[in-house]
Amino acid sequence: GAVVSQHPSWVICKSGTSVKIECRSLDFQATTMFWYRQFPKQSLMLMATSNEGSKATYEQGVEKDKFLINHASLTLSTLTVTSAHPEDSSFYICSARPVGGGRYEQYFGPGTRLTVT
Amino acid sequence: AQKVTQAQTEISVVEKEDVTLDCVYETRDTTYYLFWYKQPPSGELVFLIRRNSFDEQNEISGRYSWNFQKSTSSFNFTITASQVVDSAVYFCALSEAETSYDKVIFGPGTSLSVIP
């Protein structure tokens, strides 16, 4: 149980275009979903926290107009990278906290590798 | 200052050797959780263990063991009789009551290479 999927698993896009990444909790409902970014050979850094039906909370230094997060349902959150540039190339990982689960619970998706050319 | 420190950036061991990955954390919270994750080359995070701040018992799971010491703010991870499949990046992580456990703070990671 507690499976989180991400789609696509990898994507290549041209500079200036937008790309959407989906995060789905497959066998549970998630009150809260989280988006992390991981640059090569670096650690994971939390970008934003999203709760279903409300605006996402962004970490300091993360541009909310560039990284649009929509948590439209209890099983789906999307991250849209708008006007992507090569420096946005990274590994994006989402996680989800189950409804009724412990506050410490987060289940991670497999990640999406974004390459901007 | 980093809240989670993993001083070893890279470690190489020969298969069957034991290896300990160090993790030192910093928090003012009395209630917090510590985690270890494995990230193989595929990139997907694999959950290994969660420990809350009130449980200082050491844990053993197969070849894996963890030593939690609040007195030194450390949560070290030992792999016994290492295998090539253990080659991965290992992250120690912390979440605190102060942030309602929303923010998982990852350490910089230790890249482990097990050489056959």
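A quick note: this is a predicted structure, and the numbers were derived from the prediction, not measured. (Residues numbered from 1 in each chain as written. Chains lettered and ligands numbered in written order. Predicted model: local features only at pLDDT ≥ 70, side-chain atom pairs only at ≥ 80, totals over all residues. Heavy atoms only, no water.)

Further remarks concern the pattern of salt bridges. All names here are of chain B. Counted according to the given criterion, the structure contains 7 salt bridges over all chains. Here Glu96 ties to Lys3 by a salt bridge, and the two come within 3.0 Å at their closest N and O atoms. Here Lys3 lies in the segment before β1 (4-5) and Glu96 lies in strand β10 (residues 88-96), a separation of 93 residues in the sequence. Its relative accessible area of 2% is what places Glu96 among the buried residues. Three or more residues are tied together by salt bridges with common partners; here these are Arg51, Asp55 and Glu59. (Salt bridge = Lys/Arg side-chain N within 4 Å of Asp/Glu carboxyl O. Helix = DSSP H or I, 4+ residues; strand = E, 2+ residues; numbered from the N terminus. Buried < 20%, exposed > 50% of the residue type's maximum accessible area, 1.4 Å probe, protein only.)

A few words now on the nonpolar core. Generally speaking, a soluble globular protein has its nonpolar side chains buried in company with each other. Among the nonpolar cores identified, the biggest contains 25 residues, and B:Trp36, B:Trp66, B:Phe77, B:Tyr90 and B:Leu112 are the most heavily contacted of them. Contributions of two or more residues to this core are made by β2 (10-14), β3 (19-21), β5 (32-39), β6 (46-52), β8 (64-69), β9 (74-79), β10 and β12 (110-115) of chain B. Here the element with the most residues in this core is β10(B); it accounts for 4 residues. Core analysis: the next-biggest nonpolar cluster, separate from the first, contains 24 residues, A:Cys13, A:Val19, A:Ala84 and A:Ala96 among them. (Core = buried A, V, L, I, M, F, W, Y, C linked by side-chain atoms within 4.5 Å.)

Moving on: the state of the cysteines. Counted under the stated rule, the structure contains 2 disulfides over all chains. The disulfide partner of A:Cys23 is A:Cys94, and the S-S distance across this bridge is 2.0 Å. A torsion of 80° about the S-S bond marks the disulfide between A:Cys23 and A:Cys94 as right-handed. Remark: A:Cys94 occurs in strand β9 (residues 90-98) and A:Cys23 occurs in strand β3 (residues 19-25); sequence separation between them is 71 residues. Taking relative accessible area as the criterion, A:Cys23 reaches 0% and is therefore assigned buried. Linked covalently through their sulfurs, B:Cys23 and B:Cys92 form a disulfide whose S-S length is 2.0 Å. Between B:Cys23 and B:Cys92 the sulfur-sulfur dihedral comes to about -65°; the bridge is accordingly left-handed. On the criterion of sequence distance, the pair formed by B:Cys23 in the loop between β3 and β4 (24-25) and B:Cys92 in strand β10 is long-range, its members being 69 residues apart. Across the pair, exposure class does not vary: B:Cys23 and B:Cys92 are buried alike. (Disulfide = S-S within 2.5 Å.)

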